[in-house]
Amino acid sequence: MAELIDGKKISQDLKDEVKAQVSELKEKGVEVALAVILVGNDPASTVYVGNKKKACEYTGIRSESYELPEDTSEKELLDLVERLNNDDKIDGILVQLPLPKHIDEDKVIRSISPDKDVDGFHPESVGRLSIGAKGFVSCTPAGVIELLKRSNTPLDGANAVVVGRSNIVGKPMSMLLLRENATVTVCHSHTKNLKEVCKNADVLVVAIGQPKFIDASYIKEGATVIDVGIHRVDDGSKKLCGDVDFESAEKVAGKITPVPGGVGPMTIAELMNNCLQSALMKLQ
């Protein structure tokens, strides 16, 4: 049976480290602050924003919340972002996605200063990652790297396979694994012999948005399996599952993340860490 990689514990450790550093900065008169913008009342987005506020409260990061009505114009939102870009007291700006249909998400993401882009979505942030320059990395792939490192999973020279090529997870994940000197293969819907490719992986990261798609037959004996997916099980139980069929996968994997309690908690912990890093960069 596979060893469980406990995302709850590892995320708590990371938040505690951030909390300690935020406290040290406060003693020097420096406050770390995150501005969170929510447009409309999408139920899932409201929950996510609530969780981010709680994490801010725990770590000592000041949270400035802007909850705007659904009919907020694109110009009004862009004006608010610009004001926050120019506010020296704000270290990070987060615009909760998705946005209402009348607002161009790409334009809004590009309007956030790369130096305050704690979500790591700005094209300049992605460019910095691709050339190994300092910058913010989107929180979920950054969290996966922390899970791998803190569970003592060897990455240098490892054969890593990422299933999924999204801009938010798959592509940055592959670049982060390259940065750790892994040999990386990215798979997607057009990949031939997907099962054979996955079976060669020492580290398998799955982010495809398909419930229980990857089972034991895709996994090399003893491999480390990271499941980024999250879905409601379609049986009325309200249980959650991932992109990996956990029950079969854990029988062959060496290490595996559960869903829930694996990658999920790391995303918000990394967001807090990015806010802290933004404040520290301003002091350099």
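### Structural notes on the pattern of salt bridges
- Summed over the entire model, instances satisfying the criterion amount to 14 salt bridges.
- Between Glu64 and Arg62 there is a salt bridge, with the nearest N and O atoms lying 2.6 Å from each other.
- Among the ionic pairs, Lys149 bridges to Glu180, the shortest N-O distance being 3.1 Å. Taken as a pair, Lys149 in helix α6 (residues 139-150) and Glu180 in the loop between α7 (170-179) and β6 (183-187) lie far apart in primary sequence, 31 residues in all.
- Connected through shared salt-bridge partners, Glu17, Glu146 and Arg150 make up one network.

### As for helix α1 (residues 7-27)
- A rise of 1.5 Å per residue sets the reference length of α1, with its 21 residues, at 30 Å; its end C-alpha atoms lie 30 Å apart and thus fit the reference within 8%.
- Listed as buried for α1 are Gly7, Ile10, Ser11, Leu14, Lys15, Val18, Val22 and Leu25. The arc that holds the buried residues of α1, viewed along the axis, is 135°, so those residues lie on one side.
- Where the residues of α1 are buried, they touch α2 (43-59), α6 and α10 (264-283).
- Among the residues of α1, the N-terminal cap falls to Asp6, whose side-chain oxygen and the backbone nitrogen of Lys8 are separated by 3.1 Å.
- Directly after α1, the chain includes Gly29, whose backbone phi takes a positive value near 85°.

### Let's talk about the sheet that holds strand β3 (residues 62-68)
- If you walk across this open sheet you meet the three strands as β3-β2-β4, and the pairing is parallel. Because the sheet does not close on itself, it has two edges, and the strands there are β3 and β4 (92-95). The sheet shows a mean angle of 15° between the axes of neighbouring strands, taken without regard to direction.
- Where strand β2 (residues 33-39) and β3 come together, seven bridges link them in parallel fashion. The residue bridging Ala33 from the neighbouring strand is Arg62, located in β3.

### A word on the nonpolar core
- Val144, Leu148, Met173, Leu177, Val205, Ile226 and Val228 are the most contacted members of the largest nonpolar core, which totals 26 residues.
- Looking at this core, the elements with two or more residues in it are α1, α6, β5 (159-163), α7, β7 (203-206) and α10.
- The dominant element in this core, judged by the number of residues it contributes, is α6, at five residues.
- Ignoring anything within four residues of it in the chain, the contact list for Val144 reads Met173, Val205, Ile226, Val228 and Val263.
- Counting residues in hydrophobic clusters, the runner-up holds 21 residues, among them Val18, Val49, Leu94 and Met272.

### Digging into the packing of α1 against α10
- Put simply, α1 and α10 touch, their axes get as near as 9 Å, and they point 25° apart. Viewed along their axes, α1 and α10 adopt a mutual orientation that is roughly parallel. You can see that α1 and α10 cross each other, and the crossing is left-handed. Facing Gly7, Lys8, Ile10, Ser11, Leu14, Lys15, Val18, Gln21, Val22 and Leu25 of α1, the residues of α10 in contact are Pro265, Met266, Ala269, Glu270, Met272, Asn273, Leu276, Ala279, Leu280 and Leu283.

### Some points on the sheet that holds strand β8 (residues 224-227)
- If you walk across this open sheet you meet the six strands as β1-β11-β8-β7-β5-β6, and the pairing is parallel. On the outer flanks of this sheet lie β1 (3-4) and β6, each paired with one strand and no other.
- Relative to β7, β5 is paired through four bridges, and the arrangement is parallel. Bridge pairing in β7 places Val162 opposite Val205.

### Some details on the packing of aromatic side chains
- By the definition in use, this model includes one aromatic pair.
- The interplanar angle of 50° and the centroid separation of 6.0 Å between the aromatic rings of Phe213 and Tyr218 together place this pair among those described as tilted.
- Owing to a relative accessible area of 35%, Phe213 belongs among the partly exposed residues under this scheme.
- Cation over ring: Lys15 sits above Tyr58, and NZ or CZ is 5.9 Å from the ring centre.
- Lying across the ring of Tyr58, Lys19 places its NZ or CZ 4.3 Å from the centre.

### A few points about the side chain of Asp91
- Structurally, Asp91 can be placed in the loop between α3 (74-85) and β4.
- Among the polar contacts made by the side chain of Asp91, one reaches the main-chain amide nitrogen of Ala33 at a distance of 2.8 Å.
- When near neighbours in sequence (up to four residues on either side) are disregarded, Asp91 contacts Glu31, Val32, Ala33, Asp115, Lys116, Val118, Cys275, Ser278, Ala279 and Lys282.

### Focus on unusual backbone geometry
- A cis amide bond, omega 0°, links Leu97 with the succeeding residue Pro98.
- Residue placement: Pro98 occurs in the loop between β4 and α4 (105-111).
- In the segment running from Val259 into Pro260, the intervening peptide bond is cis, with an omega of 0°.
- Backbone geometry places Asn193, a non-glycine residue, at a positive phi of 55°.
- Residue classification places Asn193 among the exposed residues on the basis of a relative accessible area of 54%.
- With a phi angle near 55°, Lys212 is a residue other than glycine that sits in the positive phi range.
- Along the polypeptide, Lys212 turns up in the loop between β7 and β8.

Conventions and cut-offs
- Residues numbered from 1 in each chain as written.
- Predicted model: local features only at pLDDT ≥ 70, side-chain atom pairs only at ≥ 80, totals over all residues.
- Heavy atoms only, no water.
- Salt bridge = Lys/Arg side-chain N within 4 Å of Asp/Glu carboxyl O.
- Helix = DSSP H or I, 4+ residues; strand = E, 2+ residues; numbered from the N terminus.
- Expected span 1.5 Å × (residues − 1).
- Buried < 20%, exposed > 50% of the residue type's maximum accessible area, 1.4 Å probe, protein only.
- Arc of directions from axis to C-beta.
- Contact = heavy atoms within 4.5 Å.
- Polar contact = N/O pair within 3.5 Å; in protein donor to acceptor, adjacent residues only side chain to side chain.
- Pairing = 2+ DSSP bridges.
- Axes fitted to C-alpha atoms, helices over the stretch in contact; angles between N-to-C directions.
- Core = buried A, V, L, I, M, F, W, Y, C linked by side-chain atoms within 4.5 Å.
- Parallel < 35°, antiparallel > 145°, perpendicular 65-115°, else oblique.
- Left-handed = near helix turned anticlockwise from the far one by under 90°.
- Phe/Tyr/Trp six-rings, centres within 6.5 Å; stacked < 30°, edge-to-face > 60°.
- Lys NZ or Arg CZ within 6 Å of the ring centre and 35° of its normal.

By themselves, these observations are geometric and do not establish any function.
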